[in-house]
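Examining the three-dimensional arrangement
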Amino acid sequence: MKKWVVPLSDIDFRQEETLAVQQVINSGWLTMGEKTVEFEQDFGKFIDVKYAFAVANGTVALHMACLAAGIGPGDEVILPALTFVATANAVLYCGAKPVFADVVSLDDFTISLESIKKLKSPRTKAIIVMHYGGYPCHMEEILLFARENKLILIEDAAHAPGASLYDIRMGAWGDIGCFSFFANKNMTTGEGGMVTTNDGEMAEKLKKLRSHGMTSLTWDRHKGHAWSYDVVSLGFNYRIDEIHSALGIEQLKKLVEFNDKRKNIVQDYQTRFLSGIPEMKIPFLNHPGQSAYHLMPVLLPPSIDRIVFMEHMKTAGIQTSFHYPPIYKFSYHKGVINTKDIDLSITEEIANREVTLPLYPKLKMEEVQFVVNTIRMIFDILLKDQD
Ligand SMILES: Cc1ncc(COP(=O)(O)O)c(C=O)c1O
């Protein structure tokens, strides 16, 4: 494994996480139980929603959300192509058709309402928004459009725990919110996820979907609350376990601190770029709301070859990535999703020029300076070659 001088992301686990895991092991109860209940209550309170269900990962959170929304064969769901593949796969798992909308602009990589409006058809059942990099989508307008057109609104909030718009946290805006606690996320449990909702009927469906459609759980029976169970719908085993929930409880306590640190780092990057590398385009400079600062995306000048740039960064020991290859370009998805006649030109341009730079709470200002100085040097070499 390559040892990076500056990796793309890094976890911040302290003694509390170790102790919390140790406590679960000592308790002898490993499957969904007390810790999971506590994690759900804490997370639900933090997001300010009535119901929160901890699950195995963000992908199953999205699958459950689509099923609870009643999405099925014959339905269309509008979502961005500039997202992780799981957002679209959740729709495909239900036998429905993902329809890709473009994003707002080269300054704002969130889903465009104008594009959504053009794509709405009598078959549209739902919209899934994704708060790219932790930056809130334009929820007020999108929610209004969804309500006017009787569409379900699902938030893929994998990048956005703690982000808010008009003081409402992401994951509390739509009908259902989906979170991921994958290893590179703002708070992590290794693998893990959460589904949030304020709707009691959705909550009942989500609860059953998570655990085989059963009316009572092993934990309820252990506590003497139930003797037996019935299976009332086709469900799954999408549960989280106590070790992951214990990690989640501890990580959630630090999320605001983590996000504040991320914010300072992003502001440092922005200041350095604006003064030292004007050729680099920095998105989200005046974005509404409070970001969770999950990613540090930049757009390279069109004349620079991204792979050559990333190779130079790798040589300097700096890990970079790009978010995302648009889903319709994947071999599998090309065959099952038709994007003909849809204008995805902004998505295309971002997908060709975007690079994601290192960002994590423990990243030091000297390291940010090193990253920016290295980019300056690489630009000087690559742009001089073009003179
Ligand atoms: C935008 C987005 N949606 C969904 C997921 C899926 O989450 P998970 O990896 O926990 O299944 C991820 C994370 O990897 C993501 O970044």
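So, here is what we can say about the structure in this document. Residue indices follow the written sequence of each chain, beginning from 1 at its first position. For this predicted model, a pLDDT threshold of at least 70 governs which residues receive local features, and a threshold of 80 or more governs which side-chain atom pairs are given and counted, while totals over whole chains, interfaces and linings are taken from all residues.

Side note on the overall build of the chain
Note the cut-off: Helix and strand labels come from DSSP, where a helix needs a run of H or I of at least four residues and a strand needs a run of E of at least two; each type is numbered from the N terminus. The quantity called the radius of gyration is restricted to C-alpha atoms. Its globule counterpart is 2.2 Å times the number of residues to the power 0.38. Here the C-beta atoms are placed from the backbone, and a residue counts as buried if at least 20 other C-beta atoms lie within 10 Å of its own, exposed if 12 or fewer do, and partly exposed otherwise. Residues are defined as contacting one another if the C-beta atoms placed from their backbone atoms lie within 7 Å.
Broken down by element type, the chain carries 13 helices and 13 strands. In terms of overall size, the chain behaves like a compact globule, its C-alpha atoms giving a radius of gyration of 21 Å where 387 residues would be expected to give roughly 21 Å. With the C-alpha coordinates aligned to their principal axes, the bounding extent of the chain is approximately 75 × 55 × 40 Å. Within the chain, the proportion of its 387 residues that are buried is 46%. Taking as baseline every contact in the chain between residues at least 6 positions apart, the subset at least 24 positions apart corresponds to 73%.

Some remarks on unusual backbone geometry
Each neighbour pair has its own omega, and for His323 with Tyr324 the value is 10°, a cis peptide bond. On the secondary structure map, Tyr324 appears in the loop between α10 (306–315) and α11 (331–336). Notably, Tyr166 is not glycine yet its phi reads approximately 45°, a positive angle. With respect to the helices and strands, Tyr166 occurs in the loop between β8 (164–165) and β9 (168–169). Residue His212 is not a glycine yet carries a positive backbone phi of 60°. Residue position: His212 is located in the loop between α7 (200–210) and α8 (218–222).

Focus: the environment of His212
With 16 C-beta atoms packed within 10 Å, His212 lands in the partly exposed category. Separated by 60 residues in sequence, His212 and Arg272 place their C-alpha atoms 52 Å apart. In contact with His212, other than residues within four places in its own chain, are Val231, Gly235, Phe236 and Asn237.

A word on helix α3 (residues 58–68)
Residues separated by three or four positions in an α-helix point in the same direction, a consequence of the helix having 3.6 residues per turn. By the criterion of burial, α3 is predominantly enclosed, with 11 of the 11 residues buried. Buried residues of α3: Gly58, Thr59, Val60, Ala61, Leu62, His63, Met64, Ala65, Cys66, Leu67 and Ala68, and no others. Taken together, the buried residues of α3 touch β1 (51–55), α4 (85–93), β7 (152–156), β10 (176–180), β11 (193–197) and α7.

Digging into the packing of helix α9 (residues 242–276) against helix α13 (residues 365–385)
Applicable threshold: Every axis in this analysis is a line fitted to C-alpha atoms, fitted for helices over the stretch in contact. Angles between the N-to-C directions lie between 0 and 180 degrees. An angle below 35 degrees is treated as roughly parallel, one above 145 as roughly antiparallel, one from 65 to 115 as roughly perpendicular, and anything else as oblique. Throughout, a crossing is termed right-handed when the near helix is turned clockwise from the far one, and left-handed when it is turned anticlockwise from it by less than a right angle. Charged residues are taken to be Asp, Glu, Lys and Arg, nonpolar residues to be Ala, Val, Leu, Ile, Met, Phe, Trp, Tyr, Cys and Pro, and polar residues to be all remaining types, Gly included.
Where α9 contacts α13, the two axes come as close as 10 Å, and the packing angle between them is 30°. With respect to α13, the element α9 is oriented roughly parallel. Of the two possible hands of crossing, α9 and α13 adopt the one that is right-handed. Contacts between α9 and α13 involve Ile265, Asp268, Tyr269, Arg272, Phe273 and Gly276 from the first element and Met365, Val368, Gln369, Val372 and Arg376 from the second. For the contact of α9 with α13, a count of residues per class yields six nonpolar, two polar and three charged.

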